[in-house]
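Structural description and commentary
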Amino acid sequence: MTRITGNPHLIKKINKSLVLDMIKSQGPLSRAEISQRSGLNKGTVSSLVKELMDEELVYEIGQGESSGGRRPVLLLFNEKAGYAIGIDLGVHYIIGVLTDLQGNIIKEKQTKFPQKDYSTVLTLIKETINELIALMPESRYGLIGIGLGVPGIVDKEGRLLFAPNLGWKDIPLKQDLESLFHVPVIIDNEANAGAYGEKRKGAGQSSYNIIYISAGMGIGVGFILNGELYRGTNGFSGESGHMIIEVDGLPCRCGSIGCWELYASEQALLEGAKPILSDEVSLEKLIELAESKRQEITSLFGRIGNYLGIGINNLINTFNPEQVIIGNRLSMAKQWIFPAIQQVIAQRTLPYHRTNVDIQFSNLSIYSTALGISFFVIEDFLKKGERIEVFL
Ligand SMILES: [Zn+2]
């Protein structure tokens, strides 16, 4: 008989991560319950729990229900052992959140910026991070890392290759932030982060196949497929904002023509409002005008909703998702765009695909991306951070 064995250090690391994850997601739990649910023997659980307690990631509280003998001590995850910073870098704004290790937002900071040159924006990002650090409570691990969700294509080394709506190419974001703050930095596409934020703490917690539409100045899409974030071969998936909707359409900054985001984004909405209003317009202002029942504006929102619906139809027919979540800034205009989206889906999506799909708006409001990227940082720290010694 062949016995399959693994590297004992690796197995220990996996077991420890499993125990921590159980306490984090199912706690309060007793050592006996962890042993029962994980299949690990009691001695192993006790020694792993002791390590986690020494690391201040787990602590004991009161005593649970007794099933006859001595009443067991219960274990809880110490979400205040460290803090993460998640930044959503938009085309004209920065949203920064400081979260604990359960992804609860402790503090936040929002900034708007008109300029788009990298060094100006980097200074603003740096200020946002410094302000959040100054507000961070005392803790064992302090700042465990920083995540930045960006509206563009990011490679596996954390380099922003191309962000057409910012006009940036080939920016070493991870390297720049790590040399400023000396903590681990994760850079990812904002729609990937947004999809993950919705899966972990938002509207998508109980779904396995989610299409997250980040509708802001551009459009990005994040895919949760079979419960996991799908990134594509090189991490470049989700550039659906550049799927072609009009064959002979408008020229796009990506070099193509007729891209979806030219017709269905916040940018498209603002462009559409120019001939109607002479003043400088914003999404917020247009929502106000729609609320006062200004007909040209409500029909403009309807047109944007119609184009959003067409792209969403294409994605639903392709992926057969359980859920479509529409997030980012255009979700503020839900009331004015949703009827048109629903109409397109009702009339044009394949009936088999349409039947069970749930289309809704983000319930994390504008925080999906900042939270999602913060979760990447937290999970990286808990799973393979420097905290756990690895002997591979
Ligand atoms: Zn394009």
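By the naming in an unreviewed UniProt entry, the chain goes by Making large colonies protein and is assigned to Anoxybacillus ayderensis. A UniProt comment under Function (unreviewed entry) is attached to the chain, and it reads "Transcriptional repressor of xylose-utilizing enzymes." Database annotation for the chain, UniProt heading Sequence similarities (unreviewed entry): "Belongs to the ROK (NagC/XylR) family."

1. Concerning the sheet that holds strand β1 (residues 29-30)
Read across the sheet, three strands follow the order β1-β3-β2 without closing on themselves; strand pairing throughout is antiparallel. Both edges of this open sheet fall to β1 and β2 (58-63), since each of them pairs with a single strand only. Relative to strand β3 (residues 73-77), β1 is paired through two bridges, and the arrangement is antiparallel. Looking at β3, one finds that Leu29 is bridged to Leu75.

2. Things to note about the coordination of the zinc ion
Around the zinc ion, the protein contributes the donor atoms His242 (ND1), Cys252 (SG), Cys254 (SG) and Cys259 (SG), which lie 2.0 to 2.3 Å from the metal centre. In this structure, the zinc ion is coordinated by four donor atoms arranged in tetrahedral fashion, with angles at the metal of 103 to 120°. All donors to the zinc ion come from one chain, and their sequence spacing reads H-x9-C-x1-C-x4-C. Residue class for Cys259 comes out buried when judged on its relative accessible area of 0%.

3. Overview of helix α6 (residues 190-201)
Since the α-helix packs 3.6 residues into each turn, any two residues three or four apart lie on the same face. Given a rise of 1.5 Å per residue, twelve residues ought to cover 16 Å, and the 16 Å separating the end C-alpha atoms of α6 matches this to within 8%. A large share of α6 lies buried, amounting to ten of its twelve residues. Of the residues making up α6, those classed as buried are Glu190, Ala191, Asn192, Ala193, Gly194, Ala195, Tyr196, Gly197, Glu198 and Lys199.

4. As for the UniProt feature "domain: HTH marR-type" (unreviewed entry) in the chain
Feature annotation in UniProt assigns "domain: HTH marR-type" (unreviewed entry) to the following positions: residues 17-60. Span residues 17-60 is 70% helix and 11% strand, its end C-alpha atoms 18 Å apart.

5. Details of the side chain of Ser214
Assignment of secondary structure puts Ser214 in strand β12 (residues 210-215). Here the side chain of Ser214 touches Asn328 through a polar contact of 2.9 Å, side chain to side chain. Setting aside residues no more than four positions away along its own chain, Ser214 makes contact with Glu190, Ala191, Ile219, Gly220, Gly327 and Asn328.

6. As for the nonpolar core
Within the largest apolar cluster, 47 residues are counted, with the highest numbers of intra-cluster contacts made by Ile213, Trp260, Phe301 and Leu308. Considering each element in turn, this core owes the most residues, ten residues, to helix α10 (residues 295-319). With residues up to four places along the chain from it excluded, the contact list for Phe301 reads Leu269, Leu283, Leu286, Ile287, Ala290, Ala333, Trp336 and Ile337.

7. Remarks on the environment of Ile244
Secondary-structure assignment places Ile244 in the loop between β14 (228-230) and α7 (261-264). A sequence separation of 37 residues divides Ile244 from Val281, and the C-alpha atoms of the two residues are 27 Å apart. Excluding residues that lie within four positions of it along the chain, Ile244 makes contacts with Ser256, Ile257, Gly258 and Cys259.

8. Focus on the domain arrangement of the chain
With domains assigned, the chain is organised as domain 1 (8-77), domain 2 (83-194 + 369-383) and domain 3 (204-362). The centre of domain 1, based on its C-alpha atoms, is set 33 Å off from the matching centre of domain 2. Summing both sides of the interface, domain 1 and domain 2 together bury roughly 750 Å²; the carbon and sulfur share of this comes to 56%. Taken as a group, Lys24, Leu57 and Phe77 account for 51% of the area that domain 1 buries against domain 2, more than any other trio of residues on that side. At the junction of domain 1 and domain 2, the tally comes to one salt bridge.

Conventions and cut-offs
- Residues numbered from 1 in each chain as written.
- Predicted model: local features only at pLDDT ≥ 70, side-chain atom pairs only at ≥ 80, totals over all residues.
- Heavy atoms only, no water.
- UniProt positions renumbered as here; feature names shortened; annotations may be inferred.
- Pairing = 2+ DSSP bridges.
- Helix = DSSP H or I, 4+ residues; strand = E, 2+ residues; numbered from the N terminus.
- Donors = N, O, S within 2.8 Å, 3.2 Å for Na, K, Ca; no water.
- Tetrahedral: all angles 85-135°; square planar, octahedral: opposite > 155°, others 65-115°.
- Buried < 20%, exposed > 50% of the residue type's maximum accessible area, 1.4 Å probe, protein only.
- Expected span 1.5 Å × (residues − 1).
- Polar contact = N/O pair within 3.5 Å; in protein donor to acceptor, adjacent residues only side chain to side chain.
- Contact = heavy atoms within 4.5 Å.
- Core = buried A, V, L, I, M, F, W, Y, C linked by side-chain atoms within 4.5 Å.
- Domains from an automatic or database assignment.
- Buried area = accessible area lost by both parts, 1.4 Å probe.
- Salt bridge = Lys/Arg side-chain N within 4 Å of Asp/Glu carboxyl O.

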